[in-house]
Amino acid sequence: MSNQIKIILIIIVLLGIGFFWYLGKNTQNTNPEINVSGDSSTKELAFQSEGLRTNTAKASIPLEKVLDGGPGKDGIPALTNPKFIGIEDAEKDIAGDVDGIVVSVGDTTKFYPFSVMVWHEIVNDVVGNKPLVVTFCPLCGSAIVFDTKDQFGVSGKLYESNLLMYDKSTESLWSQSIGTAVVGDRTGEKLAIYNSQLMTFQDFKKKWPNGQVLSTDTGHSRDYSFYPYRDYNDSEDIFFPISVKDTRLPTKEIMYVVNAYEHSVAFPVKQLSSSIVSIAVGDNKVSANLIDGEVIVKDSSGKILPGYNEMWFSWATQHQKDGVVWIK
């Protein structure tokens, strides 16, 4: 390679570094407590060519760290007004060892199998007259239910290998893992967690024989018998870059997570049993145990805290500052 070509390549690299430095400087506030760029009068649409009306002038994360996950906006179609069927009909399509999200409201209990959720990731639903958004990011094993009337779709973008949802009103982007808007007009807003459990279809059938199951009749042509991520859950591989590598637990270990006393508190599900374990959170404590296949977490007053499941690497990446983890 000639010296002239080498010089040209060096200039291109330096220009690229300068561009990303400039972009990062202009998408982050110098105040780390607020860390929101832009103001109410500023409007930028950096993702408009990809079909997103997100106001990218306002953000709490660097825009250059927002990555394309593959399918674009709505390439993974969220479900709204989904159909549900009984156990007997569901057995025709869903194997007993398929994991799923269990949600109960009053006398109504529903099962959202991962075999369906992996193709849609978001279900805008109503359970027992309560509007809920049921979400699943297969890259992070994060199965989280939000207590909100907002409707959400799949943006096709990722941050820290995690699903970025968009709300239908402003198309702000929300980090599913932390339930917080990170890009757009609603940046900084946070969603409330609604309690959910993770179990197999076999266990769900035994505990709720009259339960309802998300139907494969979704209006979309998908092979719900095929799991596209294959052995991802059992490997140490992560498909997209993350900023933290925390090796205290295996990468894909499933955690049960609650918010308590301004901290995110996580318990490795495999290490829990019927015996109660506790961990200090500041001057308080949070306890957890397994009761009839469900993880029950309580605060110091004995109040049950709503929780969700997530892979270790994802939780650890998001909660280095506010995270508290119990390990046997």
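Keep in mind it's a predicted model, so treat the numbers as computed, not measured. (Residues numbered from 1 in each chain as written. Predicted model: local features only at pLDDT ≥ 70, side-chain atom pairs only at ≥ 80, totals over all residues. Heavy atoms only, no water.)

Draft legend 1. Inspection of the sheet that holds strand β18 (residues 277–281) at higher detail. On the basis of which strands lie adjacent, the open sheet formed by three strands has the order β18-β19-β20 and antiparallel pairing. Strand pairing shows two members of the sheet lacking a second neighbour, β18 and β20 (294–298), which therefore form its edges. For this sheet the average axis-to-axis angle between neighbouring strands, irrespective of direction, equals 20 degrees. When β18 meets strand β19 (residues 284–291), the two strands line up antiparallel, connected through five bridges. Bridging from a neighbouring strand, Ala280 pairs with Lys285 of β19. (Pairing = 2+ DSSP bridges. Helix = DSSP H or I, 4+ residues; strand = E, 2+ residues; numbered from the N terminus. Axes fitted to C-alpha atoms, helices over the stretch in contact; angles between N-to-C directions.)

Draft legend 2. Structural context of the pattern of salt bridges. In total, this model carries 16 salt bridges according to the counting rule given. The partner of Asp68 in a salt bridge is Lys157, with the nearest N and O atoms 2.5 Å apart. Linking Asp68 in strand β1 (residues 67–68) with Lys157 in strand β9 (residues 152–159), this pair joins segments that are 89 residues apart in sequence. Look at the salt bridges and you will find they share partners, linking Asp150, Asp167, Arg186 and Glu189 into a network. (Salt bridge = Lys/Arg side-chain N within 4 Å of Asp/Glu carboxyl O.)

Draft legend 3. Expanded view of the sheet that holds β9. A sheet is described by the order of its strands in space; here five strands give the open sequence β1-β9-β10-β11-β12, paired in antiparallel fashion. Each edge of the sheet is formed by a strand with only one pairing partner; in this case those strands are β1 and β12 (180–183). Across three bridges, strand β10 (residues 162–167) lies against strand β11 (residues 173–175) in antiparallel orientation. Of the residues in β11, the one forming a bridge with Leu164 is Ser175.

Draft legend 4. Just unusual backbone geometry, in detail. You will see that Arg230, though not glycine, has its phi angle at about 45 degrees, which is positive. Relative to the elements of secondary structure, Arg230 occurs in the loop between β15 (212–214) and β16 (254–260). A relative accessible area of 65% places Arg230 in the exposed class. In this structure, Asp292 is a non-glycine residue whose phi angle is positive, near 55 degrees. (Buried < 20%, exposed > 50% of the residue type's maximum accessible area, 1.4 Å probe, protein only.)

Draft legend 5. Examining the nonpolar core more closely. The biggest cluster of nonpolar side chains holds 51 residues, and the ones touching the most others in it are Ile101, Tyr112, Met165 and Leu214. Here Met165 is in contact with Ile122, Thr135, Phe146, Phe152, Gly153, Ser172, Leu173, Trp174, Gln176 and Leu191, once residues within four sequence places are set aside. With 16 residues, the next largest nonpolar core counts Tyr256, Val258, Ile279 and Val295 among its residues. (Core = buried A, V, L, I, M, F, W, Y, C linked by side-chain atoms within 4.5 Å. Contact = heavy atoms within 4.5 Å.)

By themselves, these figures tell us nothing about what the structure is for.
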